[in-house]
Amino acid sequence: MPGIVIVGTQWGDEAKGKITDFLAGDADCVVRYNGGANAGHTVVVDGKTYKFRLIPSGVLQGKKVYIGNGVVVDPEVLLGELEDLRREGFNPDLHVSDRAHVVFDFHKLEDGLQEGLKGNLRAGTTRRGIGPTYSDKTARFGIRISDLLDEAVLRSKLKILVDFKQRLISHVYNEDVRLDEEEIFRKALNFGRSISSYVCDVSAEINGALDRGETVIFEGAQGTLLDIDHGIYPYGTSSNTIAGGACTGVGVSPKKIDKIIGVMKAYISRVGTGPVPTELKGEIGDRIREAGGEYGTVTGRPRRVGWLDLVPVKYSIRINGIDELVVTKLDVLNGVSPLKICIGYEYEGRRLDTIPANIRIFERCKPIYEELEGWDANINWKRVAEKGYDALPRQAKEYLERIEEHVKVPIRIVSVGPERRETIVLGG
Ligand code: IMP
């Protein structure tokens, strides 16, 4: 199974980082295909926590890691992550696409200014300049990694871009900020020099690896409901987070993808604005938030949490073509009984089984719940993980089986703690 995509089935933060790290043990390379430093992938190995925003999670397994053209690269974050990894004794075998776009400080400024103007259309962004960088890419204003390696091209492109941004900042947003073109140019050039040895044609490298029969993991960031086309627009991010994004964001044919793994949390969380039908605002929500450490990796914001909603999962299965599911953070639901699973929505007396495009309809969707018995609060999950699936509490097995019955896709992996080894492979 050489080409494997890992995709989030909810609003992101499904613990894809942990699963990518786990599966990378059997892979040759991991390539990130979308998003930027808005992501926060957490991996815990032997009690030590690592957080990645740009570098693919397979790096701790010593695999070749790639940043695809679909990613927007924040130079400061990338260099900082490389430095941190080296300090920890890792020597990342990193490769960065010459076609990836670069995030500048003025993109981050613009991100905040846009949010200020948008009123209730505001997505509650991470303010990492993601939207403005992707907008510049699509408007063909963007600066790509390859431009950083060519002084003349960089200078001429920045001249136009900085001038445009200055007009925007001064005359549209009426902000008293002066962009220093020379300083921006110098910083960009220096970044290009620092990373020049990593820059390559990632599409050529990954296609070569696949042709040699190597296993490549395509690591998605964020989740399906944040996808620019198929997410809860406009309350999502600006990239294609879905499995199809792996093809455009790396430069491989859909024919090269052999398996698509969907990662879903045992409940839902959402950081940012927009409707969340199963949101829990009271005591149970607080309890799940604390038990699950549901605070944004990038922003530290408390995440909104809620009962597991299978409508987004089924929607994700359709959009992504998911072959197998991974259920994460099952342990977080310890002692919560009864548990509720949303199996559909009710809208004005009608049943809806998918996510409507019209946000006003989605806002008024009421969850239809099924109740299940919860399990004990005191489970030794490390022991359960060692023993495997049979050692799961009966109620936890019923919870998983009920999910499978509803979504009709097999669950292959269950994660019961943040550590790499707190992972159960079903039938494995
Ligand atoms: P942006 O990607 O920073 O522009 O933010 C757009 C929306 O996506 C906001 O609601 C963010 O909270 C959300 N978002 C962006 N990245 C992530 C992520 O990695 N996990 C969860 N939510 C995210």
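This is a predicted model, so every value here is computed, not measured. (Residues numbered from 1 in each chain as written. Predicted model: local features only at pLDDT ≥ 70, side-chain atom pairs only at ≥ 80, totals over all residues. Heavy atoms only, no water.)

Let's shift gears to the sheet that holds strand β15 (residues 324-328). Taken in spatial order, the 10 strands line up as β9-β7-β5-β2-β10-β1-β11-β15-β19-β20 in an open sheet, and their pairing is mixed. Each having just a single partner strand, β9 (199-200) and β20 (423-425) make up the two edges of the open sheet. Strands in contact with helix α1 (residues 16-24) are β1 (3-8), β2 (29-32), β10 (216-219), β11 (259-265), β15, β19 (411-415) and β20; relative to β1, the strand with the most contacts, it is inclined by about 160°. The strands touched by helix α8 (residues 202-211) are β1, β2, β5 (64-67), β7 (93-97), β9 and β10; relative to β10, the strand with the most contacts, the crossing angle is about 140°. (Pairing = 2+ DSSP bridges. Helix = DSSP H or I, 4+ residues; strand = E, 2+ residues; numbered from the N terminus. Contact = heavy atoms within 4.5 Å. Axes fitted to C-alpha atoms, helices over the stretch in contact; angles between N-to-C directions.)

This brings us to the pairing of β1. Burial of β1 is extensive: 6 of the 6 residues sit out of reach of the surface. The two faces of β1 match: G3, V5 and V7 on one face and I4, I6 and G8 on the other face are all buried. Where β1 meets β10, 4 bridges bridge the pair, whose relative direction is parallel. Each bridged residue has a counterpart across the sheet, and for I4 the counterpart in β10 is I217. Here β1 runs beside β11; their pairing, made up of 5 bridges, is parallel. (Buried < 20%, exposed > 50% of the residue type's maximum accessible area, 1.4 Å probe, protein only.)

This part takes up the site of the ligand. With respect to spatial proximity, 17 residues lie near the ligand, and among them N38, A123, T126, T237 and V271 are the closest. Taking Q222, its side chain carries an N or O atom lying 3.3 Å from a nitrogen atom of the ligand. V271 is positioned with one of its backbone polar atoms (N or O) 2.7 Å from an oxygen atom of the ligand. Here the shell around the ligand is built from residues that sort into 6 nonpolar, 8 polar and 3 charged. Mapping the shell around the ligand onto the domain boundaries places at least three of its residues in each of domain 1 (3-90 + 202-425) and domain 2 (101-197). (Near = heavy atom within 4 Å. Polar contact = N/O pair within 3.5 Å; in protein donor to acceptor, adjacent residues only side chain to side chain. Nonpolar A, V, L, I, M, F, W, Y, C, P; charged D, E, K, R; others polar. Domains from an automatic or database assignment.)

Here we come to the pattern of salt bridges. Summed over all chains, the structure comprises 36 salt bridges. Across the salt bridge formed by D211 and K256, the nearest N and O atoms sit 3.5 Å from each other. Residue D211 is found in helix α8, and its partner K256 is found in the loop between α9 (244-250) and β11; the two are separated by 45 residues along the sequence. Here R212 makes a salt bridge to E214, at a shortest N to O gap of 3.0 Å. Overall, the relative accessible area of 55% leaves R212 in the exposed class. (Salt bridge = Lys/Arg side-chain N within 4 Å of Asp/Glu carboxyl O.)

Mapping K18 onto the fold places it in helix α1. E422 provides the closest opposite charge to the buried, unpaired K18, separated from it by 5.6 Å. Setting aside chain neighbours within four positions, we find K18 in contact with T42, V43, S415, G417, P418, E419, R420, E422 and T423. (Lys, Arg positive; Asp, Glu negative; His and termini not counted.)

Two elements in contact, helix α3 (residues 105-117) and helix α4 (residues 130-138), have axes whose closest approach is 7 Å; the angle formed by their N-to-C orientations is 110°. Classified by the angle between their axes, α3 and α4 sit roughly perpendicular to one another. Of the residues in α4, those touching α3 at H107, E110, D111 and Q114 are I130, P132, T133 and D136. In terms of residue class, the contact of α3 with α4 is made up of 2 nonpolar, 3 polar and 3 charged. (Parallel < 35°, antiparallel > 145°, perpendicular 65-115°, else oblique.)

According to the domain assignment, the protein chain consists of domain 1 (3-90 + 202-425) and domain 2 (101-197). Look at where the C-alpha atoms of domain 1 and domain 2 centre, and you get two points 29 Å apart. In total, about 1900 Å² of surface goes out of reach between domain 1 and domain 2, with carbon and sulfur atoms giving 58% of it. At the surface where domain 1 touches domain 2, the tally comes to 1 salt bridge. A salt bridge links K108 to D74, with the nearest nitrogen and oxygen atoms 2.9 Å apart. In this structure, the connection of domain 1 to domain 2 is made through 9 residue pairs in polar contact (both at pLDDT 80 or more). Sorting the residues of the side of domain 1 that touches domain 2 by element identifies β6 (72-73) and α2 (75-87) as the ones contributing at least two each. It is α2 that contributes the most residues to the side of domain 1 that touches domain 2, 4 residues altogether. By residue class, the composition of the side of domain 1 that touches domain 2 is 10 nonpolar, 13 polar and 5 charged. (Buried area = accessible area lost by both parts, 1.4 Å probe.)

Here the focus is the nonpolar core. Counting residues in each nonpolar core, the largest one holds 57 residues, and the members touching the most others are V5, I206, F218, L325, L330, Y399 and I403. The element contributing the most residues to this core is helix α14 (residues 394-407), with 5 residues. Once residues lying within four places of it in the same chain are set aside, the contact partners of L325 are T9, G262, M264, V313, I317, V407, V409, P410, I411, R412 and I413. (Core = buried A, V, L, I, M, F, W, Y, C linked by side-chain atoms within 4.5 Å.)

This part is about the environment of L117. Here L117 shows up in helix α3. Judged by its relative accessible area of 61%, L117 is exposed. The spacing of L117 and A100 is 17 residues in sequence and 28 Å in space, taken between C-alpha atoms.

Throughout the structure, instances matching the rule amount to 5 aromatic pairs. Ring geometry for W375 against Y399: centres 5.9 Å apart, planes inclined by 70°, an arrangement best described as edge-to-face. Taken as a pair, W375 in the loop between β18 (366-372) and α13 (381-387) and Y399 in helix α14 lie far apart in primary sequence, 24 residues in all. Accessibility assignment for this pair places W375 and Y399 in one class, buried. Its guanidinium or amino end placed over the ring of Y50, K48 lies 5.5 Å from that ring's centre, counting from NZ or CZ. When the ring centre of F185 is taken as reference, the NZ or CZ atom of R155 above it lies at 4.0 Å. (Phe/Tyr/Trp six-rings, centres within 6.5 Å; stacked < 30°, edge-to-face > 60°. Lys NZ or Arg CZ within 6 Å of the ring centre and 35° of its normal.)

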